Protein chains: 2
Amino acid sequence: MTNPILSRLKWLRDAMRRAGVQAYIIPSADPHGSEYPPAYWQQRQWISGFDGSAGTAVVTLDRAALWTDSRYFIAAEAQLRGTSYELMKERVEGTPTIAQWLCRQLKSGDSVGIDERVLTTSEVNALRPCLTSAGIGLNAVDLISSIWQDRPTLPKDPVRIQPLKYAGVSMRDKIAKVRQAIRQQGADCMLVGALDEIAWLLNLRGTDVACNPVFVSFCLVGPHTILYIDRDKLTPEVADYLTGEGVSVKPYEAAYDDISALQGQRLLLPRDINAHISSLVPSQEAVVYAESPIAHLKAVKCEAEIAGFHQAMLRDGVAMVEFLSWLRSAVAAGGQTEISVSDKLESLRTRQPLYRGLSFATIAGYQAHGAIVHYEATPQTDAALKPEGLLLLDSGAQYDDGTTDITRTIALGRPTPLEKQVYTLVLKGHIALSRCKFPQGASGTQLDLAARYDMWQAGYNFGHGTGHGVGSCLCVHEGPHQIRMNYMPAPIQEGMTVTDEPGLYLEGQFGVRIENTLLCVPYKETPFGKFVGFEPLTLCPIDTLPIKRSMLTETETEWLDSYHAHVRAQLLPLISDPDVREWLMAATRPLAQIPEA
Amino acid sequence: MTNPILSRLKWLRDAMRRAGVQAYIIPSADPHGSEYPPAYWQQRQWISGFDGSAGTAVVTLDRAALWTDSRYFIAAEAQLRGTSYELMKERVEGTPTIAQWLCRQLKSGDSVGIDERVLTTSEVNALRPCLTSAGIGLNAVDLISSIWQDRPTLPKDPVRIQPLKYAGVSMRDKIAKVRQAIRQQGADCMLVGALDEIAWLLNLRGTDVACNPVFVSFCLVGPHTILYIDRDKLTPEVADYLTGEGVSVKPYEAAYDDISALQGQRLLLPRDINAHISSLVPSQEAVVYAESPIAHLKAVKCEAEIAGFHQAMLRDGVAMVEFLSWLRSAVAAGGQTEISVSDKLESLRTRQPLYRGLSFATIAGYQAHGAIVHYEATPQTDAALKPEGLLLLDSGAQYDDGTTDITRTIALGRPTPLEKQVYTLVLKGHIALSRCKFPQGASGTQLDLAARYDMWQAGYNFGHGTGHGVGSCLCVHEGPHQIRMNYMPAPIQEGMTVTDEPGLYLEGQFGVRIENTLLCVPYKETPFGKFVGFEPLTLCPIDTLPIKRSMLTETETEWLDSYHAHVRAQLLPLISDPDVREWLMAATRPLAQIPEA
């Protein structure tokens with residue numbers, strides 16, 4: 001059987017010839033810069049067969065290549081086999097950029113096709129100089145729509161209201177704040193393109209994207225607010241709510257028309273707005289490109305959102321504890337696989353009140369699969385679990401009152417010395433970041449070392465970020481702040497959520513990651529300024545079996561004991577099953593009371 | 001007696017009225033972006049009376065203000081008293097930028113005067129939009145020359161050759177490397193403005209600036225190399241050396257003429273080149289603005305330079321040990337002051353072979369003076385030393401084979417609990433950075449946390465950078481890499497020198513800083529990449545008296561013991577005086593063998 005990707009490439013190349021372009025770029029994005037786009041826009045997955053969350057396919061008349069980052073190197077290599085795609089490892093020495101590669105493949109006078117709706121303005125601006133200097137043109141053209149026969153339709157899912165008791169701040173107050181921020185930037189109105197920003201701003205939620213409670217739309221905020229959305233998605237209740245708050249509704253595609261007709265108003269466009277929007281603006285002098293002020297406003301959680309996070313974490317913690325108390329004996333009894341235990345965990349979460357679904361596809365990576373950072377088990381790869389080795393389990397859920405993201409790595413049998421060393425290095429990094437105190441407003445780049453200092457001493461490192469914001473019943477990956485090695489200027493401040501998820505991945509052997517979601521909280525004010533710190537929101541024991549005790553300092557052991565005492569105090573009153581209670585009591589004992597494996 | 005600054009301000013305002021400008025900006029810089037400009041260019045010191053290394057004076061017809069950073073807040077406040085200048089604290093919330101302040105002081109139609117030679121292109125570009133939008137003009141005009149009667153002349157000091165045995169790489173090879181880097185940037189030639197870059201490139205040294213072995217010049221590197229310098233500064237030997245290597249010599253001011261006459265060549269201009277140079281370029285399209293490639297080449301020391309650093313540190317260490325072994329009993333005997341002990345230390349260094357002078361003005365800050373980060377004792381402030389409290393001593397020297405920079409904080413009597421706590425927090429930070437291992441190429445911003453993690457836990461912080469490069473018989477502050485809280489993208493890699501100098505400053509009480517100069521050395525290569533670490537170059541005991549032992553981890557105590565064993569092994573063979581030997585033996589004992597104070 002021929003790989004279907006080969007046929008699709010043939011259709012695309014035929015379309016390229018008809019359109020007179022010698023290359024075509026297919027990014028992962030939708031017109032809203034979504035990390036996880038609705039199925040309708042999953043063009044890159046369709047054309048390449050690679051289904052990771054990040055990647056760009058580039059096709060010429062005789063070659064095809066796919067760029068992705070270190071999280072996906074192993075997965076991409078497997079999925080691209082037999083597709084004729086070459087894997088381009090981003091941020092690895094010697095890997096050309098897309099523009100550099102295109103300049104080598106094409107000749108002066110050639111043209112590159114792009115669908116401007118699925119690239120940001122800055123992406124297009126970054127491509128242009130290199131191509132232009134090589135005499136290569138850039139043509140705005142959509143070649144996928146005509147060749148993708150069974151393309152999914154744009155979602156018609158209904159939109160719901162996020163109740164004020166969870167959102168904490170009314171749509172009216174949020175819009176007022178955003179208007180103020182727009183004026184501070186010297187503009188009159190802003191086109192909001194990011195779906196989670198629209199959901200946050202209007203206190204609405206949808207189900208257009210798996211795991212991400214957003215809905216496809218644009219929103220123009222100015223003296224008057226307009227929501228561009230397929231009307232079929234609005235229930236009478238939601239339509240009334242919008243009308244009552246003075247928000248007009250127009251069809252989704254009208255956003256493009258309204259931007260091209262904009263007159264006499266200074267427009268703020270987020271830097272990551274899609275390039276088609278930018279190209280439609282009648283006068284570039286009337287545009288201010290800036291970070292969307294909503295990203296920062298959304299990142300700082302209000303009291304109701306923080307209270308909701310605490311409540312959601314209690315329920316999520318109960319499900320996790322029920323799961324963990326079941327896991328080792330279930331594996332010993334036999335018949336469990338990566339997929340079966342993921343399903344079990346999901347079913348336990350489903351029983352929790354206010355549950356809306358997973359916040360991302362569960363990663364259950366057993367042994368060597370744990371070293372594939374964004375592994376998702378399929379029936380083809382699904383590994384049988386045995387009472388040995390490490391299981392990396394990264395999962396989370398959407399509740400009405402909060403979003404969860406937690407990773408635990410569990411020793412299914414007696415851990416080896418290498419597993420213990422690596423696990424303990426990761427744990428030390430996790431604890432150092434969780435304990436870190438810092439002047440309010442420090443960037444994630446300044447804090448990242450906490451998670452890596454000890455593993456660097458041992459010559460280990462990991463390629464992904466150490467932490468990201470988490471939405472409130474919104475996207476599990478949220479900016480603008482991040483904790484990572486490369487520079488992320490957004491300040492971290494009181495009220496922000498951020499994950500703490502160092503990991504280590506030994507290719508072909510095992511992976512370890514330990515992740516809590518943290519809340520940035522006040523610490524102390526001194527003559528040296530305002531200091532803040534973190535408080536773990538996540539409530540779930542950290543496996544003590546793979547800990548090499550001699551590698552922990554007293555302070556680290558105290559942190560772990562105190563975290564476990566907190567988890568026990570919070571969760572035990574919510575659990576009635578005596579076996580689960582017993583397991584939780586045992587798992588949260590002080591480390592000194594647990595014999596070392 | 002009237003403050004002389006008030007008369008100077010009057011003369012300047014008269015000149016401003018004559019020139020038709022309503023404000024005048026007087027920066028600290030010279031046309032070469034020198035941190036320490038020759039006396040001729042110390043206009044800001046002359047017009048304001050503030051003599052710190054960083055600061056900008058801005059004078060309007062009725063107000064005067066001086067911007068400086070946290071290192072100088074206390075010193076500037078004292079020096080500006082009675083001058084009518086307001087102190088503007090940079091990077092403190094609420095402090096306006098110079099442009100913001102000017103926009104408030106002036107009205108549309110007004111003009112601001114600047115001497116373009118002493119501002120960088122990016123400084124002028126940063127000023128312009130804000131002023132322009134307020135309708136305020138920017139006029140290139142030099143108002144200081146006409147009013148500064150007793151202005152020092154441009155230095156006529158002779159230039160000397162830095163021997164190849166210390167420089168390690170010939171001028172010819174360096175020029176070849178720089179030419180290659182210029183071509184890689186798509187340019188044909190580069191105008192080098194930074195004095196230490198010219199000194200490094202040509203293997204020449206001068207004495208035009210106190211403590212900085214540089215000479216006033218420009219250098220054009222291209223197919224042909226031209227040194228722009230006052231011919232009187234060239235001895236026949238140096239003139240022959242330059243001619244022999246094919247370097248032409250032209251008068252200093254001819255650099256400006258040659259740039260304005262440049263035809264048919266693409267010119268690379270360092271981003272920090274002075275704005276007058278940029279304004280003279282005939283065609284902006286033929287200019288590439290980039291980091292000077294010399295900064296990076298100079299920062300990575302060659303083998304001979306590293307060997308020279310080791311030799312210089314041995315001699316500097318002997319002088320420091322002679323000094324420290326003398327200090328406590330001299331203070332007990334009475335009559336010592338901040339200045340007298342600085343002089344004593346200088347006289348000990350002067351006796352060392354290859355000594356050329358101090359690398360910066362010694363900072364001897366006793367008790368509350370130690371909290372003034374860049375304090376320099378004057379006869380008016382010179383404090384008498386008593387057998388109590390802390391003395392902060394930051395000093396360094398220029399030797400033919402290397403430059404030193406060391407800070408020790410010494411307890412002259414029994415330290416208080418607060419002094420011990422603060423001293424030990426600084427020591428912990430110093431050790432954590434010195435021990436840090438990291439992937440080659442990490443930025444200083446990524447490493448900075450090492451020095452601050454523990455002090456942040458205690459609610460302490462310091463406002464200055466944690467580390468800077470050190471030149472080889474060149475400037476004691478050298479880029480492009482720095483370790484600090486704000487973002488410094490330059491990577492740190494094998495062969496670079498960098499200081500490790502965390503501090504804590506309790507205003508009105510005392511200051512602590514502990515500084516070694518480190519060398520970045522290979523650590524290990526693993527499947528996770530190439531890791532590097534640091535090796536202390538500085539050889540001098542760290543005072544153990546103020547250490548609160550219970551605050552040190554075992555690892556930290558081991559680091560200190562091992563550093564002290566290294567210092568003893570290196571220095572003891574070079575010391576014959578039995579008292580000094582005895583002191584060194586005692587000062588470098590393992591911590592456990594020293595009774596706690």
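From a predicted model like this one, the values you see are computed outputs, not experimental measurements. (Residues numbered from 1 in each chain as written. Chains lettered and ligands numbered in written order. Predicted model: local features only at pLDDT ≥ 70, side-chain atom pairs only at ≥ 80, totals over all residues. Heavy atoms only, no water.)

**Focus on the overall build of chain A**
Right, on to step 1. Along chain A, the regular secondary structure elements total 20 helices and 28 strands.
Right, on to step 2. Taken against the 2.2 N^0.38 rule, which gives 25 Å for 597 residues, the C-alpha radius of gyration of chain A at 25 Å falls within 12% of a compact globule.
Right, on to step 3. Counting every position in chain A, which comprises 597 residues, the buried fraction comes to 59%.
Right, on to step 4. The contacts of chain A with a sequence gap of at least 6 include a subset with a gap of at least 24, amounting to 69%.
Right, on to step 5. Each charge class in chain A can be summarised by its mean position, and for the 55 positive and 67 negative side chains these summaries are 1 Å apart. (Helix = DSSP H or I, 4+ residues; strand = E, 2+ residues; numbered from the N terminus. Rg over C-alpha atoms; globule rule 2.2 N^0.38 Å. Buried < 20%, exposed > 50% of the residue type's maximum accessible area, 1.4 Å probe, protein only. Contact = heavy atoms within 4.5 Å. Lys, Arg positive; Asp, Glu negative; His and termini not counted. Charge placed at Lys NZ, Arg CZ, Asp CG, Glu CD.)

**Focus on the interface of chain A and chain B**
When the parts come together, some accessible area is lost, and that loss is often what is quoted as the size of the interface.
Right, on to step 1. Between chain A and chain B, the residue contacts involve 28 residues of the former and 27 residues of the latter.
Right, on to step 2. Overall, the association of chain A and chain B removes approximately 2,600 Å² of surface from exposure, summing both partners, and the carbon and sulfur fraction of that is 59%.
Right, on to step 3. It is Gln446(A), Trp456(A) and Phe528(A) in chain A that bury the most area against chain B; as a group they hold 26% of the surface buried on that side.
Right, on to step 4. Our count for the chain A to chain B interface comes out at eight residue pairs in polar contact (both at pLDDT 80 or more). (Buried area = accessible area lost by both parts, 1.4 Å probe. Polar contact = N/O pair within 3.5 Å; in protein donor to acceptor, adjacent residues only side chain to side chain.)

**A few points about unusual backbone geometry**
All names here are of chain A.
Right, on to step 1. At the junction of glycine 479 and proline 480, the peptide bond is cis and its omega measures out at 0° in the coordinates.
Right, on to step 2. Note on placement: proline 480 falls in strand β23 (residues 478-483).
Right, on to step 3. Its identity is not glycine, yet glutamine 367 carries a phi of approximately 45°, on the positive side.

**Focus: the relation of the copies chain A and chain B**
Right, on to step 1. Rotating chain A by 180° and translating it 0.1 Å along the rotation axis places it on chain B, where the RMSD comes to 0.1 Å. On this basis, the relationship between the two copies can be described by a two-fold rotation axis. If distances are taken from each C-alpha of chain A to the rotation axis, the shortest is found for Gln446(A), at 2.8 Å. (Least-squares fit on C-alpha atoms with pLDDT ≥ 70 in both.)

**What to know about the side chain of Ser395(B)**
Residues and elements named next belong to chain B.
Right, on to step 1. The topology assignment puts serine 395 in strand β17 (residues 390-395).
Right, on to step 2. Taking the relative accessible area as the measure of exposure, serine 395 reaches 0% and is therefore buried.
Right, on to step 3. Engagement of the side chain of serine 395 in a polar contact is seen with the side chain of arginine 349, the distance being 2.9 Å.

**A word on empty space enclosed by the protein**
Right, on to step 1. The tally for this structure, following the rule as stated, stands at two cavities of 30 Å³ or more.
Right, on to step 2. Counted as a void, the largest cavity has a volume near 110 Å³.
Right, on to step 3. Around the largest cavity, the lining comprises 17 residues; the ones closest to its centre are His32(B), Gly193(B), Ala194(B), Asp272(B) and Ile273(B).
Right, on to step 4. Considered class by class, the residues forming the lining of the largest cavity number seven nonpolar, six polar and four charged.
Right, on to step 5. Each pocket or cavity is described by its volume, and for the second largest cavity that value is around 40 Å³.
Right, on to step 6. If you trace the second largest cavity, you find it lined by Ala29(A), Asp30(A), Pro31(A), Gly33(A), Arg117(A), Val118(A), Leu119(A), Thr120(A), Glu123(A), Asp272(A) and Asn274(A).
Right, on to step 7. Within the lining of the second largest cavity, the residues separate by chemical class into four nonpolar, three polar and four charged. (1 Å grid on protein atoms, 1.4 Å probe; cavity = no way out; pocket = protein on both sides within 12 Å on 5 of 7 lines; lining within 4 Å. Points joined across faces, edges and corners; volume = space filled by probe spheres on them. Nonpolar A, V, L, I, M, F, W, Y, C, P; charged D, E, K, R; others polar.)

**As for the packing of helix α14 (residues 303-333) of chain A against helix α15 (residues 338-350) of chain A**
Residue and element names in this part refer to chain A.
Right, on to step 1. At a minimum axis separation of 9 Å, α14 and α15 run at an interaxial angle of 140°. The handedness of the crossing between α14 and α15 comes out as right-handed. Each of Asp316, Ala319, Met320, Glu322, Phe323, Trp326 and Leu327 in α14 lies in contact with α15, whose residues at this interface are Val341, Lys344, Leu345, Leu348 and Arg349.
Right, on to step 2. Looking at the contact of α14 with α15 residue by residue, the class counts come to eight nonpolar, no polar and four charged. (Axes fitted to C-alpha atoms, helices over the stretch in contact; angles between N-to-C directions. Left-handed = near helix turned anticlockwise from the far one by under 90°.)

**Quick look at the pairing of strand β5 (residues 111-114) of chain A**
All names here are of chain A.
Right, on to step 1. Where burial is concerned, the two faces of β5 agree: the one with Ser111 and Gly113 and the one with Val112 and Ile114 are both buried.
Right, on to step 2. As paired elements, strand β1 (residues 23-26) and β5 share three bridges and run parallel to each other. Bridging across to β5, alanine 23 finds its partner in valine 112.
Right, on to step 3. Relative to strand β6 (residues 137-140), β5 is paired through four bridges, and the arrangement is parallel. Note on β6: the bridge partner recorded for serine 111 is glycine 137.
Right, on to step 4. Viewed along the sheet, the connection from β5 through helix α5 (residues 121-133) into β6 turns out right-handed. (Pairing = 2+ DSSP bridges. Right-handed = clockwise from strand over helix to strand, strands pointing away.)

**Considering the environment of Val281(A)**
Residues and elements named next belong to chain A.
Right, on to step 1. Inspection of the secondary structure assignment puts valine 281 in the loop between α12 (275-280) and β14 (287-290).
Right, on to step 2. Overall, valine 281 belongs to the buried group, its relative accessible area being 9%.
Right, on to step 3. Separated by 25 residues in the primary sequence, valine 281 and tyrosine 256 have C-alpha atoms spaced 9.2 Å apart.
Right, on to step 4. Those residues in contact with valine 281, other than ones at most four positions away along the chain, are Ile259, Leu267, Leu269 and Val287.

**What about helix α8 (residues 171-184) of chain B?**
Residue and element names in this part refer to chain B.
Right, on to step 1. Relative to the 20 Å expected for 14 residues at 1.5 Å per residue, α8 spans 20 Å between its end C-alpha atoms, a close match to the ideal helical length.
Right, on to step 2. Of the positions making up α8, those classed as buried are Met171, Lys174, Ile175, Val178, Ala181 and Ile182. Down the axis of α8, the buried set is contained in an arc of 120°. They therefore lie on one face. For α8, exposure combined with an orientation more than 90 degrees from the buried face picks out Arg172, Arg183 and Gln184.
Right, on to step 3. Phi for glycine 186, located one or two positions after α8, is positive at around 80°. (Expected span 1.5 Å × (residues − 1). Arc of directions from axis to C-beta.)

**Things to note about the sheet that holds strand β27 (residues 516-526) of chain B**
Residues and elements named next belong to chain B.
Right, on to step 1. Pairing is antiparallel across the open sheet formed by four strands, whose spatial order is β21-β28-β27-β24. In this open sheet, the two edge strands, each paired with only one partner strand, are β21 (438-439) and β24 (497-500).
Right, on to step 2. Alignment of β21 against strand β28 (residues 529-536), held across two bridges, turns out to be antiparallel. Following the sheet pairing, phenylalanine 438 is matched in β28 by valine 532.
Right, on to step 3. Strands in contact with helix α16 (residues 417-435) are β24, β27 and β28; relative to β24, the strand with the most contacts, it is inclined by about 155°.

**Description of the sheet that holds strand β10 (residues 218-221) of chain B**
All names here are of chain B.
Right, on to step 1. Strand order in the open sheet formed by six strands is β12-β11-β10-β8-β13-β14, with mixed pairing between adjacent strands. Only two strands of the sheet have a single partner each, and these edge strands are β12 (247-250) and β14 (287-290). Pairs of neighbouring strands in the sheet enclose a mean axial angle of 20°, with direction left out of account.
Right, on to step 2. Bridge analysis of strand β8 (residues 189-192) against strand β13 (residues 267-270) gives two bridges, and the strand direction is parallel. The residue of β13 that forms the bridge with methionine 190 is leucine 268.

**Section: the nonpolar core**
A general tendency of soluble globular proteins is for nonpolar side chains to be buried together.
Right, on to step 1. Judged by nonpolar contacts, the single largest core of 136 residues is most densely connected at Phe438(A), Phe534(A) and Phe438(B).
Right, on to step 2. Leaving out residues up to four positions away in the same chain, Phe438(A) has contacts with Leu447(A), Ile492(A), Cys520(A), Lys530(A), Phe531(A), Val532(A), Gly533(A), Phe534(A) and Trp456(B).
Right, on to step 3. Core analysis: the second largest hydrophobic core is formed by 34 residues, Val159(B), Met190(B), Leu202(B) and Val249(B) among them. (Core = buried A, V, L, I, M, F, W, Y, C linked by side-chain atoms within 4.5 Å.)

**Considerations on the packing of aromatic side chains**
Right, on to step 1. Per the counting criterion, the structure on display carries 25 aromatic pairs over all chains.
Right, on to step 2. Measuring from ring centre to ring centre gives 5.1 Å for Trp46(A) and Trp148(A), while their planes differ by 20°; the resulting arrangement is stacked. Of the two residues, Trp46(A) is situated in helix α2 (residues 43-48) and Trp148(A) in the loop between α6 (144-147) and β7 (160-161); the sequence distance between them amounts to 102 residues.
Right, on to step 3. Looking at Trp46(A), the relative accessible area reads 8%, which means it is buried.
Right, on to step 4. According to the relative accessible area criterion, Trp148(A) is buried, its value standing at 8%.
Right, on to step 5. With a centroid separation of 5.6 Å and 75° between ring planes, the pair formed by Phe50(B) and Tyr72(B) is classed as edge-to-face. Taken together, the residues Phe50(B) in the loop between α2 (43-48) and β2 (56-60) and Tyr72(B) in the loop between β3 (64-68) and α3 (73-80) connect sequence positions 22 residues apart. Taken as a pair, Phe50(B) and Tyr72(B) share a single burial class, namely buried.
Right, on to step 6. A network of ring pairs unites the aromatic residues Trp11(A), Trp46(A) and Trp148(A) as a single cluster.
Right, on to step 7. Over the ring of Tyr523(A) we find Lys437(A); its NZ or CZ atom is 5.1 Å from the centre of that ring. (Phe/Tyr/Trp six-rings, centres within 6.5 Å; stacked < 30°, edge-to-face > 60°. Lys NZ or Arg CZ within 6 Å of the ring centre and 35° of its normal.)

**Quick word on helix α1 (residues 4-19) of chain B**
Residues and elements named next belong to chain B.
Right, on to step 1. Here α1 spans 23 Å end to end across 16 residues, near enough to the 22 Å set by a 1.5 Å rise per residue.
Right, on to step 2. For α1, the set of buried residues is Ile5, Arg8, Leu9, Leu12, Arg13, Ala15 and Met16. In a view along the axis of α1, the buried residues occupy a sector of 160°, so they form one face of it. Seen from the buried face of α1, the exposed residues on the opposite side, beyond 90 degrees, are Lys10, Arg17 and Arg18.
Right, on to step 3. Buried residues along α1 sit in contact with β1 (23-26), α2, β2, β3, β4 (85-89) and α6 (144-147).

**Digging into the confidence of the model for chain A**
Right, on to step 1. With 100% of its residues at a pLDDT of 70 or more, chain A has an overall mean of 95.
Right, on to step 2. Interface predicted TM-score (ipTM) for the complex: 0.91; the corresponding pTM is 0.92. (pLDDT = per-residue confidence, 0-100.)

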